[in-house]
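Now for the letters of each chain:
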Amino acid sequence: MKQIPLRTSAAALFAVALLASATACSSETSGGSGGGSAKIAFLMPDLASTRYELYDAPLFKAKVKELCAGCQVLYQNAGGDAAKQQQQANSALAQGVKVIVLDPVDSAAAATTVRTAQSRGVKVIAYDRPVPAVRADYYVSFDNEKIGAMIGQSLVDHLKGGGPVAGGGGILQVNGSPTDAAAGLIKKGIHSAVDASGLKLLAEYDTPAWEPGKAQSWVSGQISKFPGKIVGVVAANDGTGGGSIAAFKAAGVEVPPVTGNDAELAAAQRIVNGDQYNTISKPIKTVAESAAAAAHAFVSGERPKGNATLFDTPSELFTPTVVTRENLADVLVGADKPLKTGDVCTATYARACAELGLK
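Residues numbered from 1 in each chain as written. Predicted model: local features only at pLDDT ≥ 70, side-chain atom pairs only at ≥ 80, totals over all residues. Heavy atoms only, no water.

A look at the overall build of the protein
Line of reasoning, step 1. When you go through the protein residue by residue, the secondary structure sums to 13 helices and 12 strands.
Line of reasoning, step 2. Counting only residues that meet the buried cut, the protein has 50% of its 359 residues in that class.
Line of reasoning, step 3. When contacts within the protein are restricted to residue pairs at least 6 apart in sequence, those whose partners lie at least 24 apart make up 72%.
Line of reasoning, step 4. As presented, the protein carries roughly 16,100 Å² of accessible surface, and 54% of it is formed by carbon and sulfur atoms. (Helix = DSSP H or I, 4+ residues; strand = E, 2+ residues; numbered from the N terminus. Buried < 20%, exposed > 50% of the residue type's maximum accessible area, 1.4 Å probe, protein only. Contact = heavy atoms within 4.5 Å. Areas by Shrake-Rupley, 256 points an atom, 1.4 Å probe, with all protein chains shown as cover.)

If you want it as structure tokens, here you go:
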């Protein structure tokens, strides 16, 4: 029997050991559910809303880690700068990401990002805001047009419930960013409620970059233009709603019912205090985890299935909930709710919280 040379046997044993080590490493980093050590970019649009830093990014990262322990999330926030976001996307592509989850600063400009990524075989998930000009690989969001219709109808019903609006009074409409396609959907939804209401629309404004300060400045001008005539404000999110409320307070006049959207902590406190009429509860955990699951599916070689199609893109759209003082404790604030009672009911709001049974 021919003996195998020692050096050949050693080389073979080394190769077997190396293969076993690589297999074990692959198993360890994959989290046992595919994806291996893939990189996923999570690119958010701005800092005007606190949600991206406090909720979206941490929740997305946690879900990705749960699904794929070896996957790496590259998180960047563009700070409202579309050119910066494009640079961040290019950097992510250079680092070898397999999926980009993109909440665009500018929905039109983001088409370039989508095309560039797809030309390199990288999947793009539009997050919260769609990219109408080009077909992304997937879209995850709450139904933005429905959000607009819901906050608008909620305000209309509230105003009509108080009797006819006398003296030629009307409402203001404070929309979101003109470069955000989701803001356009919210705006369309608001109009579907307001235009059919019989209430007078005094004026409306598209708020650049969703900046609360710009919303406040515009509303301040309308208070002077329509003294005593503004009976309500449909604001497209909590930031613009907060800016609107600040304008009335600065002018020293009574704050009319003002809407919002996003269920931010400050908005919940304004609702408790009676300064803001409503907001929209759309648990960020829902969309963040859905986007993480879709990203994981893509890096695992699978294609996620949506429940709708929007802008020719397979989509997963969720239905939100309108929140007012009446259902705040049931929907938004509490031990098992998105916001904790202790965070909302600080000393400033303790008395108002007690009136609502928030303890």
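Some thoughts on the environment of Leu310
Line of reasoning, step 1. Within the secondary structure, Leu310 sits in strand β10 (residues 308–310).
Line of reasoning, step 2. According to the relative accessible area criterion, Leu310 is partly exposed, its value standing at 23%.
Line of reasoning, step 3. Note: C-alpha distance between Leu310 and Pro130 (180 residues apart in sequence) is 8.2 Å.

Considering the sheet that holds strand β8 (residues 230–235)
Line of reasoning, step 1. Taken together, the 3 strands give an open sheet; going across it, the order is β7-β6-β8, and neighbouring strands pair in parallel fashion. The open sheet has two edge strands, β7 (200–206) and β8, and neither has a second partner. Recorded for the sheet is a direction-independent mean angle of 20° between the axes of neighbouring strands.
Line of reasoning, step 2. Bridge analysis of strand β6 (residues 170–175) against β7 gives 6 bridges, and the strand direction is parallel. Among the inter-strand pairings, Gly170 is bridged to a residue of β7, identified as Lys200. (Pairing = 2+ DSSP bridges. Axes fitted to C-alpha atoms, helices over the stretch in contact; angles between N-to-C directions.)

Quick word on the state of the cysteines
Line of reasoning, step 1. Per the counting criterion, the structure on display carries 2 disulfides.
Line of reasoning, step 2. The disulfide partner of Cys68 is Cys71, and the gap between their sulfur atoms is 2.1 Å. With the S-S bond torsion at 75°, the cross-link from Cys68 to Cys71 turns out right-handed. Residues Cys68 and Cys71 agree in their burial class; the two are buried.
Line of reasoning, step 3. Take the cysteines of the protein that form disulfides and number them in order along the sequence; they join up as 1-2, 3-4. (Disulfide = S-S within 2.5 Å.)

A short note on helix α2 (residues 51–67)
Line of reasoning, step 1. Taking 1.5 Å per residue as the helical rise, α2 with its 17 residues ought to reach 24 Å, and the 23 Å between its terminal C-alpha atoms agrees with that figure.
Line of reasoning, step 2. Considered for burial, the residues of α2 that qualify are Arg51, Tyr52, Asp56, Ala57, Phe60, Lys63, Val64 and Leu67. (Expected span 1.5 Å × (residues − 1).)

A closer look at the nonpolar core
If you look at soluble globular proteins, the nonpolar side chains tend to sit buried side by side.
Line of reasoning, step 1. Core analysis: the biggest nonpolar cluster contains 44 residues, and Ile40, Phe42, Phe60, Val99, Val101, Ile125 and Tyr127 have the highest contact counts within it.
Line of reasoning, step 2. At 9 residues, helix α10 (residues 284–299) tops the list of elements feeding residues into this core.
Line of reasoning, step 3. Filtering out sequence-adjacent residues up to four positions away, Val99 remains in contact with Lys39, Ile40, Ala41, Val122, Lys123, Ile125, Ala295, Phe298 and Val299.
Line of reasoning, step 4. By size, the runner-up hydrophobic cluster in this structure holds 21 residues, among which are Leu74, Leu102, Ala117 and Val122. (Core = buried A, V, L, I, M, F, W, Y, C linked by side-chain atoms within 4.5 Å.)

Notes on the side chain of Glu264
Line of reasoning, step 1. Mapped onto the elements of the fold, Glu264 is located in the loop between α8 (238–251) and α9 (265–273).
Line of reasoning, step 2. Sequence-distant contacts of Glu264, defined by excluding residues within four places in its chain, comprise Ser49, Thr50, Asp238 and Leu339.

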